[in-house]
Amino acid sequence: VKKSDKSAPDLRARGRLAYSGERYLRFLGDGSYFLKAGPDAPETLLAYTGFDNTVETIGKGPLKTWEPHLRDWREGDPSWQAGRGKALVGAVNYLAGKGMNVMSFLTYNAGGDGDNVWPYVTRNGKFNFDVSKLDQWEVLFAYAQSRGIYLHFKLQENESDDNRQGAARRDTIIPESMDGGLLGMERKLYLREMVARFGHHLALNWNLGEENTQSYQEQRDMADYLSRLDPYRHHIVIHTFPGHQDRVYPQLLGADSAISGPSLQNDWEVVHQRTLKWLDASALAGRQWVCANDEQNPAGLGVPPDPGYEDFDGTATEKDRSYDLHDIRKYTLWGNLMAGGAGVEYYFGYRLPQNDLLCEDFRSRDRSWDYCRIALEFFADQKIPFWRMENADALVENADRDNSRYCLARPGEIYLVYLPEGGSCDLDLSAAEGSYELLWFNPRKGGDLEFGGTRRLPGGQRAGLGEPPSDPDQDWLAVIRRQ
């Protein structure tokens with residue numbers, strides 16, 4: 001055993017990514033902390049014609065060729081069986097090239113919206129795994145890790161996570177559910193296979209299931225079994241309907257729970273508030289959760305495509321409200337990060353082009369990936385110690401933690417103030433000593449920090465930030481450091 005010869009972004013240069021009781025996952029090799037950004041969609045990423053024995057269920061989600069990303073495959077990249085797999089490997093290349101570092105996928109969705117992904121030889125034969133298909137999944141996962149991509153395993157889908165199928169058929173047992181939701185032989189064997197084949201990868205989480213509706217005890221049992229089974233002790237999360245969070249999550253908090261975070265699904269404009277809620281609640285319960293925002297409502301829309309993509313005008317509209325990719329940048333991406341969240345995955349809805357079941361072209365959200373990359377690069381390039389900082393909205397006259405302005409700070413050392421609609425505000429430095437330099441970061445374009453109208457702020461008082469360098473009605477991030 002010797003030191004790795006790999007270099008970033010290859011995750012082997014950084015070591016295993018671990019939960020350690022903090023708000024962020026940390027690499028055990030180089031000690032760095034992790035913020036994520038990338039796609040939550042399509043949930044049927046593995047419903048790919050290039051994988052063996054991957055078939056379409058009539059009337060459900062179609063299989064994918066990933067043909068738009070064939071051009072992103074490079075000579076020397078992996079493939080299998082005389083060139084199969086190139087298009088999906090190309091999709092990984094595209095995401096990595098855009099600076100994204102996570103991708104999400106279901107490994108079992110029989111009975112679900114797509115009904116086209118399972119690790120078995122046959123759809124309902126839960127004791128016979130398709131070793132050729134799983135070997136091909138492994139080629140994809142190993143390559144993704146070499147390109148710096150974190151793997152978000154969604155272990156089951158809402159429609160197949162327990163023994164119920166809809167309120168109208170509440171007593172109907174469905175064969176797609178493993179053990180009727182219980183921790184029985186089917187579920188244990190499935191989890192053992194996932195951990196045995198894929199648990200060695202350095203950066204991943206196990207998600208108990210999309211919009212999980214198992215009982216409280218079933219969720220606990222599944223998480224506990226995973227925790228005991230996985231020798232690498234990967235991060236375990238749970239996803240549930242937005243309206244169920246206040247009922248489901250409190251029962252899973254605390255030091256005796258194996259769950260170390262939520263996979264949050266919320267309306268795009270309340271991400272800041274919901275991230276803060278579960279960060280605070282988990283800390284109070286004695287086991288700090290890592291809180292990422294992984295799905296954005298309205299469910300039919302999600303994160304919209306770029307303006308002009310397939311003639312899309314750029315505006316997502318449902319009933320009396322509209323929003324666009326700029327709102328997602330301001331209130332979803334920066335809303336999570338400035339709450340002390342661990343990052344985002346973007347969901348694509350089901351009504352817009354390249355949606356959650358049909359997507360084969362990640363370029364449909366090309367500009368949104370740019371905004372994510374700009375945010376991740378800011379924290380890395382400016383050496384922001386975000387893991388030592390906490391939300392401090394009250395310091396910018398936002399005790400209600402609404403969307404008017406956000407603050408993330410290590411008081412007395414560094415303050416970040418995000419202004420979603422531009423303008424200016426005061427920063428309360430009355431408890432801070434010394435003098436502070438004020439620079440501005442453009443979250444739309446990235447690049448170097450810039451001086452605005454005010455360059456220094458005195459400690460010991462409430463100080464006005466002045467206006468940003470230009471475009472005062474656009475979003476800006478103020479960076480205030482002690483000198």
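What counts and what doesn't
Residues numbered from 1 in each chain as written. Predicted model: local features only at pLDDT ≥ 70, side-chain atom pairs only at ≥ 80, totals over all residues. Heavy atoms only, no water. Axes fitted to C-alpha atoms, helices over the stretch in contact; angles between N-to-C directions. Helix = DSSP H or I, 4+ residues; strand = E, 2+ residues; numbered from the N terminus. Parallel < 35°, antiparallel > 145°, perpendicular 65-115°, else oblique. Left-handed = near helix turned anticlockwise from the far one by under 90°. Contact = heavy atoms within 4.5 Å. Nonpolar A, V, L, I, M, F, W, Y, C, P; charged D, E, K, R; others polar. Polar contact = N/O pair within 3.5 Å; in protein donor to acceptor, adjacent residues only side chain to side chain. Core = buried A, V, L, I, M, F, W, Y, C linked by side-chain atoms within 4.5 Å. Buried < 20%, exposed > 50% of the residue type's maximum accessible area, 1.4 Å probe, protein only. 1 Å grid on protein atoms, 1.4 Å probe; cavity = no way out; pocket = protein on both sides within 12 Å on 5 of 7 lines; lining within 4 Å. Points joined across faces, edges and corners; volume = space filled by probe spheres on them.

Some details on the packing of helix α6 (residues 271–285) against helix α7 (residues 325–337)
Two numbers describe how α6 lies on α7: the axes approach to 8 Å, and their chain directions differ by 25°. Classified by the interaxial angle, the pair formed by α6 and α7 is roughly parallel. α6 and α7 meet at a crossing whose hand is right-handed. Across the interface between the two elements, V271, H272 and T275 of α6 pack against Y331, T332, G335 and N336 of α7. Partitioning the contact of α6 with α7 into residue classes produces 2 nonpolar, 5 polar and no charged.

Quick look at the side chain of D475
Note that D475 resides in the loop between β19 (462–464) and β20 (476–482). Side chain to side chain, D475 and Y418 meet in a polar contact 2.7 Å long. Among residues more than four places away in sequence, those in contact with D475 are R329, K330, Y418, L419, P420, G422, P443 and R444.

Side note on the nonpolar core
Nonpolar side chains tend to gather and get buried jointly when the protein is soluble and globular. Ranked by size, the top nonpolar core spans 107 residues in total, and within it M103, W334, F362, F378 and L416 carry the most contacts. Setting aside anything within four residues of it in sequence, one finds F378 in contact with W334, K383, I384, L416, F441, L449, L477 and V479. Counting residues in hydrophobic clusters, the runner-up holds 20 residues, among them V396, C407, W440 and W476.

Regarding the layout of surface pockets
Empty space within the largest pocket amounts to approximately 670 Å³. In this structure, the largest pocket is lined by 26 residues; those nearest its centre are R14, L35, N101, L376 and A380. It is helix α8 (residues 366–381) that provides the largest number of residues to the lining of the largest pocket, a total of 6 residues.

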